[in-house]
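# A closer look at the structure
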Amino acid sequence: MVMKTTRRRILKTAALAPAAAGAAPATTGLTAASPSSLYASLGVKPVINGVGVVTVLGGSIMPPEVVRAMEEASRYFIPLPELERKVGARIADLLHAPAAMVTCGAASAISVGTAACLSQGDPAKLRQLPNRDGIRYEVIQQKTHRSGYEHQMEMAGAKVITVETRKDLDAAINERTGMLFFLNKAEHEGAIKMEEFIRVGKERGIPTMNDAASDATPMENLMKYTRMGFDLVIFSGGKALRGPQASGLLLGRKDLIDASYPAMSPYGGIGRGMKVGKEELCGLLAAVERYLKVDHKAEWKELEARVATIRGALKGVSGVQTDRHIPVIANELPHVMVEWDETARGLTSQQVLEKLQAGDPPIHVQKPAKGKLLISVWMMRGNEPQVVARRLREIFSS
Ligand SMILES: *Cc1c(COP(=O)(O)O)cnc(C)c1O
């Protein structure tokens with residue numbers, strides 16, 4: 001019964017909002033979600049994604065051209081190592097990188113890239129990882145650049161050394177140092193900025209890796225960091241690029257990319273468990289090709305309109321303020337920030353979060369602090385911004 005009402009409501013609202021439903025394909029190639037019998041049969045309820053491109057909600061939605069490429073790829077046998085190299089070369093060309101490789105996610109790119117740096121292209125050393133005998137196994141990162149993905153380096157044998165200042169960094173580099181790790185979105189938090197970090201790497205002859213997984217907006221970022229001189233640069237395939245969720249990009253120095261291939265499936269390296277299928281390879285290539293052609297200005301305008309819709313619905317609700325918010329570096333796109341005094345309203349952000357998730361369809365947003373909600377409109381489709389706006393207004397008005 002519940003399914004039925006939801007289904008009818010979604011169909012009805014989509015039909016009532018032809019402008020919104022029609023506006024989406026022009027920029028994002030995405031149309032409103034229709035009910036899914038597959039997920040219903042599994043007892044899993046699709047949600048409205050007001051968080052953005054996050055792995056836990058399924059990353060992004062693949063546009064039709066990506067799905068088509070995966071479907072076509074799925075129908076043939078091919079020599080997989082050859083396909084890996086050819087797709088990598090094509091992506092390198094498109095992104096003006098010296099070399100590129102598809103991995104099964106940004107986290108996987110961290111592992112195979114670390115394995116390449118630590119083994120320095122020596123097949124025997126690569127085979128022995130994570131054993132550290134004779135390996136330059138130390139990876140240095142700034143304290144503010146802890147990403148939560150340190151395990152991905154450690155599984156390749158790395159020991160992560162943390163520093164805070166340039167002086168610390170200079171002192172920490174020694175004959176055991178194999179790589180310098182930079183977390184792109186922490187650029188403004190660390191004492192050592194990108195350019196200086198790259199310079200130190202070059203001067204001391206140590207490869208630098210930049211994890212920019214969530215930072216493919218604006219689009220130029222895809223080319224920027226390799227051009228700046230990072231030896232390895234990482235992006236998620238399933239975030240802004242809208243490629244397959246289980247895909248990622250490792251870009252950078254040709255010798256390091258060459259050393260990264262044997263670290264991954266189908267070779268028996270440390271990343272053998274990180275298989276990239278022919279479908280993901282072709283899907284991510286299609287996603288990159290598409291992303292370079294998308295009208296990002298039009299897409300931005302569409303996001304601004306969604307932000308305005310949600311802010312408009314909350315205008316005049318007493319004690320509630322909204323702001324247009326653009327995060328720095330990661331997910332650099334228009335969001336809505338909602339703010340209120342929890343005590344004055346007798347309503348916590350946790351309670352609002354729960355009310356949104358308990359609704360039908362469930363709505364997921366972020367709670368950055370007390371009395372605050374952060375709403376990403378990026379992954380919304382069709383009339384979802386209107387649905388979110390209405391529900392927020394209901395919650396704050398009752
Ligand atoms: C999302 C993210 C990752 C992991 O990306 P996957 O593609 O899910 O493996 C790694 N690093 C950062 C900074 C991220 O935001």
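This is a predicted model, so every value here is computed, not measured. Within every chain, residues take consecutive numbers counted from 1 along the sequence as written. Side-chain atom pairs in this predicted model are given and counted only at pLDDT of 80 or more, local residue features only at pLDDT of at least 70, and totals for whole chains, interfaces and linings cover all residues. Hydrogens and water are ignored here; the side-chain numbers use all heavy atoms of the structure.

### Some thoughts on the overall build of the protein chain
So the rule is basically this: Strands are runs of DSSP state E lasting at least two residues, helices are runs of H or I lasting at least four, and both sets are numbered from the N terminus onward. With C-alpha atoms as the basis for the radius of gyration, the globule rule is written as 2.2 Å multiplied by the number of residues raised to the power 0.38. Here the term buried applies to any residue with accessible area under 20% of the maximum for its type, exposed to any over 50%, and partly exposed to those in between, with areas from a 1.4 Å probe on protein chains only. Contacts between residues were defined by any pair of non-hydrogen atoms, one from each residue, lying within 4.5 Å. In this description, accessible areas are obtained by the Shrake-Rupley approach with a 1.4 Å probe, and a residue is regarded as covered only by the protein chains that are shown.
Looking only at helices and strands, one finds 17 helices and 12 strands in the protein chain. For 398 residues, the compact-globule formula gives about 21 Å, and the C-alpha radius of gyration of the protein chain, at 23 Å, lands near that figure. Each of the three principal axes of the protein chain carries a C-alpha extent, and together these read 65 × 55 × 35 Å. Residue burial in the protein chain is summarised as follows: out of 398 residues, 52% are buried. Once local pairs closer than 6 in sequence are excluded, the contacts in the protein chain between residues at least 24 apart make up 69%. Per element, the accessible surface of the protein chain, about 18100 Å² overall, is 54% carbon and sulfur.

### What about the site of the ligand?
The condition is simple: Residue proximity to a molecule or strand is established when one non-hydrogen atom of the residue lies within 4 Å of it. Counted as a polar contact is a pair of N or O atoms within 3.5 Å, where, for protein atoms, one must be capable of donating a hydrogen and the other of accepting one, and residues adjacent in sequence contribute only when both atoms are in side chains.
Thr55, Gly105, Ala106, Ala107, Tyr149, Leu183, Asp211, Ala213, Ser214, Ser236 and Lys239 make up every residue found near the ligand. Contacts to the ligand include Ser214, whose side-chain N or O atom sits 2.8 Å from an oxygen atom. When the ligand sits alone it has 380 Å² of accessible area, and the protein chains cover 87% of it.

### Considerations on the sheet that holds strand β5 (residues 177-183)
Put simply, the test is: When DSSP locates at least two bridges between a pair of strands, those strands are taken to pair. What counts as an axis is a line fitted to C-alpha atoms, over the stretch in contact for a helix, and the angles between N-to-C directions run from 0 to 180 degrees.
Across the sheet, which stays open at both edges, the 7 strands sit in the order β2-β8-β7-β6-β5-β3-β4 with mixed pairing between neighbours. At either margin of the open sheet sits one strand with a lone partner, and together these are β2 (99-103) and β4 (159-163). The sheet shows a mean angle of 25° between the axes of neighbouring strands, taken without regard to direction. Those strands touched by helix α6 (residues 106-119) are β2, β3 (138-142), β5, β6 (208-211), β7 (232-236) and β8 (248-252), and its axis lies near 165° from that of β7. The strands that helix α10 (residues 194-204) touches are β3, β5 and β6; relative to β5, the one it contacts most, it runs at about 170°.

### Section: the pairing of β6
On any regular strand, side chains alternate: one points to one face of the sheet, the next to the other face. We apply this condition: Call a crossover right-handed when, viewed with both strands pointing away from you, the route from the first strand across the helix to the second goes clockwise.
Here β6 shows two buried faces, one formed by Thr208 and Asn210 and the other by Met209 and Asp211. Taken together, β5, α10 and β6 constitute a β-α-β crossover, and its handedness is right-handed. In this sheet, β7 lies alongside β6 in parallel orientation, the contact comprising 3 bridges. Bridge pairing links Met209 to Leu232 in β7. Tracing the backbone out of β6, into helix α11 (residues 221-228) and back to the parallel element β7 gives a crossover that is right-handed.

### A look at the environment of Lys278
Along the chain, Lys278 turns up in helix α13 (residues 278-293). Judged by relative accessible area, Lys278 falls into the partly exposed class, the value being 22%. Beyond its immediate sequence surroundings of up to four residues, Lys278 is in contact with Ala73, Ser74, Tyr76, Ile78, Leu80 and Leu83.

### What to know about the packing of helix α16 (residues 349-358) against helix α17 (residues 384-397)
Here is the rule: Comment on the angle field: the value is read as roughly parallel under 35 degrees, roughly antiparallel over 145, roughly perpendicular from 65 to 115, and oblique elsewhere. Crossing handedness is defined as follows: a turn of the near helix away from the far one that is anticlockwise and smaller than a right angle gives a left-handed crossing, while the clockwise case is right-handed. Residue type decides the class: Asp, Glu, Lys and Arg count as charged, Ala, Val, Leu, Ile, Met, Phe, Trp, Tyr, Cys and Pro as nonpolar, and the leftover types, Gly among them, as polar.
Where α16 meets α17, the closest approach of the two axes is 11 Å, and the angle between their N-to-C directions is 130°. Overall, the two elements α16 and α17 adopt an arrangement that is oblique. Between α16 and α17 lies a crossing of right-handed hand. In this structure, α16 uses Val352, Lys355 and Leu356 to contact α17, whose residues at the interface are Arg391, Leu392, Ile395 and Phe396. A breakdown of the residues in the contact of α16 with α17 according to their chemical character gives 5 nonpolar, no polar and 2 charged.

### Remarks on the sheet that holds strand β9 (residues 320-325)
Strands sit in the order β9-β10-β12 across an open sheet of 3 strands; the sheet is antiparallel. Lying at the two open borders of the sheet, with one neighbouring strand each, are β9 and β12 (372-376). Ignoring strand direction, the axes of neighbouring strands in this sheet form an average angle of 20°. Of the strand pairs in this sheet, β9 and strand β10 (residues 335-340) are connected by 6 bridges, and their pairing is antiparallel. Its bridge partner being in β10, Gln321 is matched across the sheet by Glu339. Across the sheet, helix α14 (residues 296-314) touches β9, β10 and β12, and the angle it forms with β9 is around 175°.

### A look at the environment of Lys239
Mapped onto the elements, Lys239 comes out in the loop between β7 and β8. Judged by relative accessible area, which is 13%, Lys239 ranks as buried. Here the alpha-carbon distance between Lys239 and Phe181, two residues 58 residues apart in the chain, equals 21 Å.

### Here's the deal with the domain arrangement of the protein chain
For clarity, the threshold we go by: An automatic or database domain assignment supplies the start and end points of every domain. Joining two parts hides part of their accessible area as seen by a 1.4 Å probe, and the buried area is that hidden amount summed over both. A carboxyl oxygen of Asp or Glu within 4 Å of a side-chain nitrogen of Lys or Arg is what we treat as a salt bridge.
Examined at the domain level, the protein chain breaks down into domain 1 (65-293) and domain 2 (296-397). Inter-centroid distance (C-alpha atoms) of domain 1 to domain 2 is 34 Å. The interface is formed by 12 residues belonging to domain 1 together with 10 residues belonging to domain 2. Taking both partners together, domain 1 and domain 2 bury about 940 Å²; carbon and sulfur atoms supply 60% of that area. The interface formed by domain 1 and domain 2 holds 1 salt bridge in total. A salt bridge links Arg242 to Glu299; its shortest N-O distance comes to 3.8 Å. Our enumeration of links across domain 1 and domain 2 arrives at 3 residue pairs in polar contact (both at pLDDT 80 or more). Across the side of domain 1 that touches domain 2, the residue classes break down as 4 nonpolar, 4 polar and 4 charged.

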